[in-house]
Amino acid sequence: MELFGQLAFGFEQALTPQNILFCFIGALIGTLVGVLPGLGPVATIAMLLPITFTLPPVAALIMLAGLYYGAQYGGSTTAILVNIPGESSSVVTCLDGHAMARKGRAGAALAIAALGSFFAGTVATFIIAIFSAPMVWIASTFQSPDYFGLMIFGLIAAVVLAQGSVVRSIVMVLVGLILGLVGTDITTGQSRFTFGIPQLSEGISFVALAMGLFGVGEVISNLARTFGKPEVQPVSSLWPSREEARRAAPAVLRGTAIGSILGVLPGGGALIAAFGAYVIEKKWSKRPQEFGNGAVEGVAAPEAANNAGAQTSFIPLLTLGLPSNAVMALMLAAMTIHGIVPGPKLMVERPDLFWAMIASMWIGNLMLVIINLPLIRIWVMLLKVPYRWLYLAILVFCCIGAYSVQNSTFDVMVMAFFGVVGYLLPKIGCEPAPLILGVILAPHIEENFRRSLVVSRGSWWVFIERPISAGFLLVSLLFLLAVLLPAIRRGREEAFRE
Amino acid sequence: MTSEGARPPPAEAGRGWLTKTDLWAGVATLVFAASALYISADYGLGRGGRIGPGYVPLVIGVLLFGLGFLLVARTGRSYETVDSDIAWRPLLLVVGGILTFALLLSRAGLLVAIIATVVVAGPAAYGNTLLSLVISGALLSAFSWTLFVYFLKIAIPVWWY
């Protein structure tokens, strides 16, 4: 099998003692920060990015994978033990995970979440390996108008499938597109939106912007709330009972399947996967009344789904260069910093990096099981550190992180600015996640738009004449119409309410 | 769950329009769009198939303007209200702390900048005293030096010379 040969090649690249150490450190620190309240995966990865700067690309990617899965998994731990979702995709885990913890089954819930995630991660790794080659082949037939259509579709779908007001989310995307254009125009050399500030001529630092919007903004709004002392449920035995294991296994399978599919969709990823899996689990269950009161399936399915989704959302990024959510946008930025450009060319030109990255995802998942379960008591202790100390450490690390991307104190100020923006946007009902997607895609969209128009001598018809781009644009239009039509809109609201 | 057009509780619909999110989001959008259009007005639209640097900003600006208008126009039908409760103390102190870091880093170095940042941003949370802040600032700068400078060898000014 060619597939296994390629995966083996990837593991060969990834499995050096040094890389395993970096993966271990990444997963450890990722979990550590993921466990802390009020820092989602975007802010966590942005804040910890500088740790990878001095590493060679493969080691850096492996560490990033560790950070990413660690941050994801850390959120579930707090969800189960304290009923605080460490990040949005663990909201669902709170429902039954915390209910299990209250019944004294915290250890079992944690173990099921970890093992379910590991299983889902393993399957998703294979799915990525299997589907990457055909996706890259399809992508190789794409021309500029098709890429343009694809990116528009990606943005629209991300807006429609995510929660919140569609109109305001589109506004956020467009604002992001403008922010992404800041800097020197590559083809004409014209400075755009730089206000004569030389530090802006290379554009706004993406890491500083992401850290401001998701890290600093979150710190400010957390400080505005008063935190009660978190009530941490005690962890007894980590072993699930035979009955629990018997009920969890099929739920993990279903969760993995749902998560893998939903993760590939733009705007999908971990959050929507977890919600979808939970809703289906509850509908199909013979004992729906147990959901919310500590149903094992209610932990197993969403946890498997969010991990599978977190992983398969790499497919559009690695094969098409299209980030489908805010975390992937940050991963794209992180890879770019290390000189890796995800997209169809990556697999052909740098197969070593490509397969090493896929292997590293699996290694990252394995690390989580190895470090999370034995170290659970340390994570519990972390939860007791008061926030009035924690946020100071978060702020300092964010400052160092923003500075070290390009040794610029200006970027630290950029972070402060977007911290204010990130704090104020939700107050007028706007989510920062679509904005981030706009920022990262802006240069690519403009470039493909420009190239298309060169070929067509300025006519917009080129986007309709090519079937692929016409298809993407048509589906985008249908998506938009669907949300704006009342009947379907009602269904969407109900889906999110669950 | 927030979404446009969800049936509002009858008493709230249309009333108190000054507090609607759509109004404020719309006005902010209009201001942003207008500034973007104004700034990019002389960037040049290009000719024929060669679009200039002002082409895409113009398209986005016009779209934004339209959506901003739509948001303002539908204010009467929306029911979501603005969260006008701004936590000024954390906002100003956190931003102040970060700016302190930015200003002090190249002049005084990492260690001093971290302590100053912690002291400035610290009072944002209740229960932090000056002494505890100086101590935690010193601990944080020792930790940051060990991690970022000693182990990771990140290029960052440590002292003022």
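Residues numbered from 1 in each chain as written. Chains lettered and ligands numbered in written order. Predicted model: local features only at pLDDT ≥ 70, side-chain atom pairs only at ≥ 80, totals over all residues. Heavy atoms only, no water.

Novice: Tell me about the packing of aromatic side chains, residues and numbers included.
Specialist: Residues and elements named next belong to chain A. Under the definition given, this model contains 22 aromatic pairs over all chains. With centroids separated by 4.5 Å and ring planes inclined at 40°, the aromatic side chains of Phe 148 and Phe 463 adopt a geometry described as tilted. In this pair, Phe 148 is assigned in helix α7 (residues 144-161) and Phe 463 in helix α21 (residues 462-465), connecting sequence segments 315 residues apart. The pair formed by Phe 148 and Phe 463 is uniform in burial state, with each residue classed as buried. (Phe/Tyr/Trp six-rings, centres within 6.5 Å; stacked < 30°, edge-to-face > 60°. Helix = DSSP H or I, 4+ residues; strand = E, 2+ residues; numbered from the N terminus. Buried < 20%, exposed > 50% of the residue type's maximum accessible area, 1.4 Å probe, protein only.)

Novice: Talk me through unusual backbone geometry; I want residue IDs and the actual numbers.
Specialist: All names here are of chain A. For Phe 193, which is not glycine, the phi torsion reads 50° and is therefore positive. By the secondary structure assignment, Phe 193 is in the loop between β2 (191-192) and α9 (206-224). Even without being glycine, Asn 407 reaches a positive phi, approximately 45°. Assignment of secondary structure puts Asn 407 in the loop between α18 (387-406) and α19 (409-424). Taking the relative accessible area as the measure of exposure, Asn 407 reaches 42% and is therefore partly exposed.

Novice: Which residues make up the environment of Lys 282 of chain A, and what values do they have?
Specialist: On the secondary structure map, Lys 282 of chain A appears in helix α11 (residues 270-284). When the C-alpha positions of Lys 282 of chain A and Val 166 of chain A are compared, they lie 28 Å apart, and in sequence the two are 116 residues distant.

Novice: Could you give me a rundown of the confidence of the model for chain B, with the residues and numbers involved?
Specialist: Here chain B averages 85 in pLDDT, and 90% of its residues register 70 or above. The low-confidence segment residues 1-14 of chain B (pLDDT under 50) makes 32 contacts with residues lying over four places distant or belonging to another chain. (pLDDT = per-residue confidence, 0-100. Contact = heavy atoms within 4.5 Å.)

Novice: Tell me what's going on with helix α4 (residues 57-82) of chain A, and back it up with residues and numbers.
Specialist: Residue and element names in this part refer to chain A. Under the 1.5 Å per step criterion, the end-to-end length of α4 is 37 Å for 26 residues, consistent within 8% with the ideal 38 Å. Of all the 26 residues making up α4, 24 are buried; the element is thus mostly covered by neighbouring parts of the structure. One or two positions beyond α4, positive phi appears at Asn 83, with a value near 70°. (Expected span 1.5 Å × (residues − 1).)

Novice: Outline the interface of chain A and chain B, supporting the account with residue identities and numerical values.
Specialist: Note on interface size: it is often stated as the accessible area lost on association of the parts. With 67 residues of chain A at the interface, the matching set in chain B holds 72 residues. In total, about 5900 Å² of surface goes out of reach between chain A and chain B, with carbon and sulfur atoms giving 75% of it. Contact with chain B buries surface across chain A, with Arg 168, Ile 400 and Lys 427 of chain A losing the most and accounting together for 10% of the total. The interface formed by chain A and chain B includes 3 salt bridges. Of all elements in the fold, only α8 (166-181), β2, α9, α18, α19, α20 (433-456) and α23 (486-497) of chain A reach the threshold of two or more residues within the side of chain A that touches chain B. If one sorts the elements of the side of chain A that touches chain B by residue count, α18 of chain A sits on top with 12 residues. Residue composition of the side of chain A that touches chain B, grouped by class: 42 nonpolar, 12 polar and 13 charged. (Buried area = accessible area lost by both parts, 1.4 Å probe. Salt bridge = Lys/Arg side-chain N within 4 Å of Asp/Glu carboxyl O. Nonpolar A, V, L, I, M, F, W, Y, C, P; charged D, E, K, R; others polar.)

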